[in-house]
Structures are given as C-alpha cells and as structure tokens.
Amino acid sequence: MDNEIVRLEGVEKIYQTGDTTITALAKTNLTLESHKLTLIMGPSGSGKTTLLSIIGCIIYPTSGRVFYKNNNVTNYNENQLAYLRLHEIGFVFQQFNLIEPLTALENVMQPLLLQKEERENVRERATQALLSVGLGDRLHNLPKKLSGGQKQRVAIARALVTNPTLILCDEPTASLDSKSAREIMLELKQLASSGKAVIIVTHDLRLREFADYTIYVEEGHVSTEIKNEEYYK
Amino acid sequence: MLRLAWKFLKFDKAKSIGVITAVVISIFLIGQQLSLLFFLMGLMGNLVGNAPVRDNEVWVIEKQTNNVNALNYIDQRLVQEIASLPTVSNTYPVIIAPAQATFLDGQTAGVTLVGAQAPTFIMGPLKSRLKEGSTTQLIQPYTVSAEFYSAKTWNTNLEMNKPIEINGKSAQVKLITQNAQAFGASLMYMDINNARYYSNISPSKVSIIVTTLHDKNTKNSTINQINTLFPNLKAWDPEKLRSSTIKEILISSNMGMSFGTLVVFAMISGFFIIGLTLYSSALDRIKDYGTLKAIGATKNYVNKLIIAQAFLYAIIGYIIAMILLYGFKMGVINSGLAIDISPTFALFLLLITLFISIGGSLFAVRKITKLEPASVF
C-alpha cells in the first residue's frame, strides 16, 4: 500500500513476572496509513498503551515483526530506534511531558537540537511551530506558567517540529476542558488531512467524530477495526 | 549539552545549592588539610629548606639517624679527612644544638642553634627568608638571628639589636628571618664559633659536614665512597635527607595517618553527599529524562546530560572552594602559617573535585540508564 506507514505482523507482547505470564498484547496484525486519524480505544489495562508503545518503537515486541515504511525495524538496536523516533515519529502525551526546566520555545527546540540542527535554524523553526499552534506570545514561558491547553499545544508543536510522518498521541485531551479538547482534535485532524498518520489512544467516545478508523483493544486482543462511517451506520 | 545541563541546575535551585555546598565543604577541607600538612612537612625539612643547597653538595651525618632534626655529634677531624677525598672540593663543619633563649621580660623558649662558618653560612638562611639585616652581620661575636613568626609564641616584640640570653649568655639579634621556622624549636642562625660558645659543644665535635664536590656528576660515587670509607657516617643527597626526615617524623608522630584519614573521609563523605543529592535530583527529573528518551535522545545522551550537570557542579564548587582557601591562606599568613597553593596543588584539587562530583553522579547515571522511554506513558 502506498500510504502504509506502520505494519505489525503477528506482533505479541508478553511480560513475565516470576511464575506469572501476562499477555499485554496478543498476536496482532495491523496496518496504519498516512492521511488517516486512527483512534485506539478500550478499557484501562486492555493493552492500548502497549500497542502504542510498539507502534512508536519504544518497546520491543516479544514476537512478530514491525515494519516502518516497509523496513523491518524489529531487530533495530536502541540507538537505531531512538534515531527512528527522533526523525519519523512525534509524540503527544497525556500529561504533556514538557521538560519542566525549559521554556516553551526550548521544549520545542529540543528534538531539533537532538537532530544536531544549527542553533539559529532550530530557534526559527521552533518559533514557527509555536506560532502555528497559536502560542507566539508564550515562547519564553516555563511550562508551569502555561494552562493545560497551552501545554498540550506546546507538546503538539514539539511533536511536529521535526516534520514526522507518524504522530502518536496518548490521551491528548484527557487533561483538557471540552473547548480546548475540541481545538486540539481539530488540529490533529488537520494534520492527518495534510498527510500525517495520526494515532490517538483515548477513552473519550466523543473523539470518534474526528476519526477515520477506530481500533478496539480488549484484554490484549485487537478485536475490532471499524471504519468510522460504517460504525455510525 | 552544557547549556541544557545549566537549565536543569538553575531550575532545581535547592538541590543545586545542596550539591555545590557539599563540593565546597569537601574540597575546602581537603585543600585546607593538605595545605597544612604540606606546610608542616616544609617545617620538618626546613634545616635543608633554609639552606642554599647546590647540586654538587653532599651532607654527611652520623649513621644512626635518618632525621636531620635529631643528629648525633661526629668527630671534627673527619671534616679534614673527607676534604682529602679526590672528588671533594671543600668541607664545611656545621653545629646543630638545642638551647634555651631568655628575653628581657623573663620569657623563655626552646631554640635550635645552627652554626656554620662565616662568611659562607653554608646552612643559610636563604636570602628570600630574610626580613631584616643580612648574614654578614652574624660574623660579629655574640650575634644571632631570630625568627619573626616565632616572636608571637615567645610573647615578645622582635626587633634588630634586641638583647637576649642564650643558655644564660648574652646575645644580640642582628638578623630577623621570616618563614624560616622549624618543626618544633625555632631556628637561630649564627657563626659556628658563636654556636659552640652558646651550646658548650666541644670544638672536637660537629653535627653535619657539608661537602661540596668538584663535579656534581660524581655525587653518587662520592656518597658511596664516604659510606664505605667511614662506617660510622652516612652521606646524603640533601634533598633525600629532607625527604627521609619528613617521612620519619610523619610515621613516628602518626601525623601522616591522621591528616590522610581526614582527607580520605572528606573525599568519601563528599562523594556520597554529592552522589545521593544528584540521585535524588535525577529522581525528581525522571519524567524529563524519560521524555527525552521517548522523543529520540539516546541513552548515551541522557547519561552525558547528568554528567554535564555534575561537571558544572564541580566547576562552581571548585571555584568557591578555592576562593575560600585563598581567604584561609590570607587569614593565617600573619600568624606564620605560610600556606602554599601552587598551580600543581590547585590542579590536584580540581581533579579531586571532578572525581568526587562525576564519580558521585554515577549513582544517578545508573538509575537513568535503566529508565525505559516507555515509562512516560
């Protein structure tokens, strides 16, 4: 598929604690595409975050294969995965995860600095990213001086500043009021329309109106994959 | 990297102050104790240190001792015998003798008389250690030197021409030395005949035979020759005699052990205080480190970030500790504690600072290395 970004083939994640074996994710086959906003839903402890972590190349699957843009990345070492995350994946976290000692601008500059971009160029691109999410007047504010919505916008700017092809969001609206949540979802929808693959883990059923696909995870099983229009029918 | 580390330091002010205080206390204590020890070691060997020792000199003393401050007397005739060796250019007899000085106000003090032939005054003192007067003034009978910094402990004012008594005999201070103290009784320099007169040492006895050679390259062979020909004597390279003196006093007084223990404990306590504070600081920022890893920072990068913070703590702490150490040096200089903070010593302290700071940061590095980027979810 031309639009394929991530493909999971028989991916399974098992945690072993003493004699106890926990299947966090049962054998899963899944394809995620660009230009689409995909929701991952399911109850707490169902394996959503494990699925997101595998898609985001943050943890290794116990078995199966992970393809990123048709490259098998299953056997990549930690540094190779870090490189892949840095250049290809943007993360937006539930608790925003802004680096507390850094200003909004410095937070957004961080991925570019990790990419060893020139500092002047980095500053300009980070400023542009913050302007694009409407935070031009908050460049030099520390995270503690920002509201929840503003923090999430900084997090989105940080995720986008490297121009990634895949954007992974873990409960991006959970800490926000309804108005801010809607604004953030519209921005994410806009990103998907512009060609990114946007994956959102959420409990919030209201977000389905923005999704192209919804994936349900229950007790480690990716049980349903419904195209959104069909679900509403 | 340093810029980011600096941001972390500035943000966590309370912990940063804690770590820097630990570095400052440790390094100041280590610097203070070591500089005091070096000063005392200088005093122990000051009979050699005050002398204008040349490369072609050999000092001959009685064989039983390895300590220049505890000499036995040797026969005066050996001065001529050693002078007759083919490699020897000259020999100078020296008297070292204990005595009691009494001042006009009745104060008394133990002193060590150092008598050498005028006008050479082979035992010094060095010109750089003269405060007032010159050694030529010691040629006159009944004239002696006195140490400026000893005056305080003697509870008396020291001035040129001050009359004093040595072992009940009149003398006059014609030379004031500065920083020519000894480890124990103060050194009083004088002509050898004056020294014999004040100490009642027989003219047939001397303490040291300072021997100069025609050629400094024959030093080792001459030392061997003297040691072979005169079984009751031992010839020394003066610097080796000084080292031997210091070593013997350090061991016999347990001073080396007690200073060493203090320094080692200051290092250990600094290491752990810094280590645990950095560890606690890393735990406070664990979410930030996890986030960095999740967005693409390598394990190596995050470890370097922690070490960079430790490096900055070390540099800041070191600068403050050195300022305090210079303050201490200036504060005690008037009491005769001439502490030397040489570039080598300063560099040594910098290395110790880096060792305890960066070494201490390894607790935090170990913790953060194990941190999975997935922990941010």
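Residues numbered from 1 in each chain as written. Chains lettered and ligands numbered in written order. Predicted model: local features only at pLDDT ≥ 70, side-chain atom pairs only at ≥ 80, totals over all residues. Heavy atoms only, no water.

**Details of the overall build of chain B**
Then step 1. Within chain B, the regular secondary structure consists of 12 helices and 12 strands.
Then step 2. Whereas a compact globule of 377 residues would reach a radius of gyration of roughly 21 Å, chain B reaches 28 Å, over 25% beyond that.
Then step 3. Principal-axis analysis of the C-alpha atoms gives chain B an extent of 95 × 50 × 30 Å.
Then step 4. The buried share among the 377 residues of chain B stands at 52%.
Then step 5. For chain B, the exposed surface amounts to about 16700 Å²; the carbon and sulfur share of it is 59%.
Then step 6. One way to put it: in chain B the 32 positive side-chain charges average out to a point 13 Å from where the 20 negative ones average out. (Helix = DSSP H or I, 4+ residues; strand = E, 2+ residues; numbered from the N terminus. Rg over C-alpha atoms; globule rule 2.2 N^0.38 Å. Buried < 20%, exposed > 50% of the residue type's maximum accessible area, 1.4 Å probe, protein only. Areas by Shrake-Rupley, 256 points an atom, 1.4 Å probe, with all protein chains shown as cover. Lys, Arg positive; Asp, Glu negative; His and termini not counted. Charge placed at Lys NZ, Arg CZ, Asp CG, Glu CD.)

**Considerations on the interface of chain A and chain B**
Then step 1. Residue-level contacts link 28 residues of chain A with 22 residues of chain B.
Then step 2. Summing the contributions of chain A and of chain B, the shared interface buries around 2300 Å²; its carbon and sulfur component is 67%.
Then step 3. Considering only the side of chain A, the residues that lose the most area to chain B are A:Asn97, A:Pro101 and A:Leu114, jointly responsible for 23% of the buried surface there.
Then step 4. Here chain A is connected to chain B by 2 salt bridges.
Then step 5. Residue A:Glu106 pairs with B:Lys7 through a salt bridge whose shortest N-O separation is 2.5 Å.
Then step 6. Put simply, chain A and chain B have 6 residue pairs in polar contact (both at pLDDT 80 or more) between them.
Then step 7. Elements that contribute at least two residues to the side of chain A that touches chain B include exactly α1 (48-55), α2 (78-88) and α3 (104-114) of chain A.
Then step 8. When the residues that make up the side of chain A that touches chain B are grouped by side-chain class, the tally is 14 nonpolar, 6 polar and 8 charged. (Contact = heavy atoms within 4.5 Å. Buried area = accessible area lost by both parts, 1.4 Å probe. Salt bridge = Lys/Arg side-chain N within 4 Å of Asp/Glu carboxyl O. Polar contact = N/O pair within 3.5 Å; in protein donor to acceptor, adjacent residues only side chain to side chain. Nonpolar A, V, L, I, M, F, W, Y, C, P; charged D, E, K, R; others polar.)

**Some words on the packing of helix α2 (residues 13-44) of chain B against helix α12 (residues 343-369) of chain B**
Each pair of packed helices can be summarised by the angle the axes make with each other and by the distance between the axes.
All names here are of chain B.
Then step 1. Where α2 meets α12, the axes come as close as 10 Å, and the angle between the chain directions of the two elements is 145 degrees. Two packed elements cross with a definite hand, and for α2 against α12 that hand is right-handed. Between α2 and α12, the residues in contact are Val23, Ser26, Ile27, Ile30, Gly31, Leu34, Ser35 and Phe38 and Phe345, Phe348, Leu349, Ile352, Thr353, Ile356 and Ser357, respectively.
Then step 2. Across the contact of α2 with α12, the residue classes tally to 10 nonpolar, 5 polar and no charged. (Axes fitted to C-alpha atoms, helices over the stretch in contact; angles between N-to-C directions. Left-handed = near helix turned anticlockwise from the far one by under 90°.)

**Concerning the environment of B:Val302**
Residue and element names in this part refer to chain B.
Then step 1. The topology assignment puts Val302 in helix α11 (residues 299-332).
Then step 2. Here Val302 falls in the buried class, since its relative accessible area comes to 0%.
Then step 3. C-alpha separation for the pair Val302 and Met1, spaced 301 residues apart in sequence, amounts to 9.6 Å.
Then step 4. With residues up to four places along the chain from it excluded, the contact list for Val302 reads Tyr289, Leu292, Lys293, Ala297 and Ile368.

**Observations concerning the domain arrangement of chain B**
Residue and element names in this part refer to chain B.
Then step 1. We note that the domain assignment places domain 1 (2-43 + 254-376) and domain 2 (46-252) within chain B.
Then step 2. Distance from the C-alpha centre of domain 1 to the C-alpha centre of domain 2: 45 Å.
Then step 3. Carbon and sulfur atoms make up 56% of the surface buried where domain 1 meets domain 2, a total of about 1100 Å² over both sides.
Then step 4. Together, Met41, Leu43 and Met255 form the three largest contributors to the area buried by domain 1 at its contact with domain 2, with a combined 46%.
Then step 5. For the pair domain 1 and domain 2, the number of links is 7 residue pairs in polar contact (both at pLDDT 80 or more).
Then step 6. Those elements that place two or more of their residues in the side of domain 1 that touches domain 2 are α2 and α9 (255-284).
Then step 7. Looking at the side of domain 1 that touches domain 2 element by element, the count peaks at 6 residues for α2. (Domains from an automatic or database assignment.)

**Points about the confidence of the model for chain B**
Residues and elements named next belong to chain B.
Then step 1. Considering every residue of chain B, the mean pLDDT works out to 89; 100% of them sit at 70 or more.
Then step 2. Of all the helices and strands in chain B, helix α5 (residues 150-154) carries the lowest mean pLDDT, 81, while strand β11 (residues 208-213) carries the highest, 95.
Then step 3. For this predicted complex, the interface score ipTM comes out at 0.84, alongside a pTM of 0.78. (pLDDT = per-residue confidence, 0-100.)

**A word on the pairing of strand β6 (residues 143-147) of chain B**
All names here are of chain B.
Then step 1. For β6, a buried count of 5 out of 5 residues is recorded, marking the element as mostly surrounded by other parts of the structure.
Then step 2. Residues of β6 alternate between two faces, with Thr143, Ser145 and Glu147 on one and Val144 and Ala146 on the opposite face, all of them buried.
Then step 3. Two elements, β6 and strand β8 (residues 169-177), share 5 bridges in a ladder whose sense is parallel. What sits directly across from Val144, in β8, is Val173. (Pairing = 2+ DSSP bridges.)

**Points about a nonpolar patch on the surface**
Then step 1. Side chains of B:Val264, B:Ile268, B:Phe272 and B:Leu276 sit close together on the surface and give an oily, nonpolar patch of about 350 Å² of accessible area.
Then step 2. Mapped onto the fold, B:Phe272 is located in helix α9. (Patch = residues over 30% accessible without salt bridge, like charges linked within 9 Å, V, L, I, M, F, W, Y side chains within 5 Å.)

**A few points about empty space enclosed by the protein**
Then step 1. All told, the structure shown has 3 cavities of 30 Å³ or more when counted by the stated rule.
Then step 2. Empty space within the largest cavity amounts to approximately 60 Å³.
Then step 3. As for the largest cavity, its lining consists of A:Arg85, A:Leu86, A:Ile89, A:Gly90, A:Phe91, A:Pro111, A:Ala155, A:Arg158, A:Ala159, A:Thr162 and B:Ile295.
Then step 4. Listed by contribution, the elements that provide at least two residues to the lining of the largest cavity are α2, β6 (89-92) and α5 (148-160) of chain A.
Then step 5. Classifying every residue of the lining of the largest cavity by side-chain character gives 7 nonpolar, 2 polar and 2 charged.
Then step 6. What the second largest cavity holds in volume is close to 50 Å³.
Then step 7. Looking at the second largest cavity, the residues that line it are A:Ile54, A:Cys57, A:Ile59, A:Tyr60, A:Pro61, A:Val66, A:Val73, A:Thr74 and A:Leu81.
Then step 8. For the lining of the second largest cavity, a count of residues per class yields 8 nonpolar, 1 polar and no charged. (1 Å grid on protein atoms, 1.4 Å probe; cavity = no way out; pocket = protein on both sides within 12 Å on 5 of 7 lines; lining within 4 Å. Points joined across faces, edges and corners; volume = space filled by probe spheres on them.)

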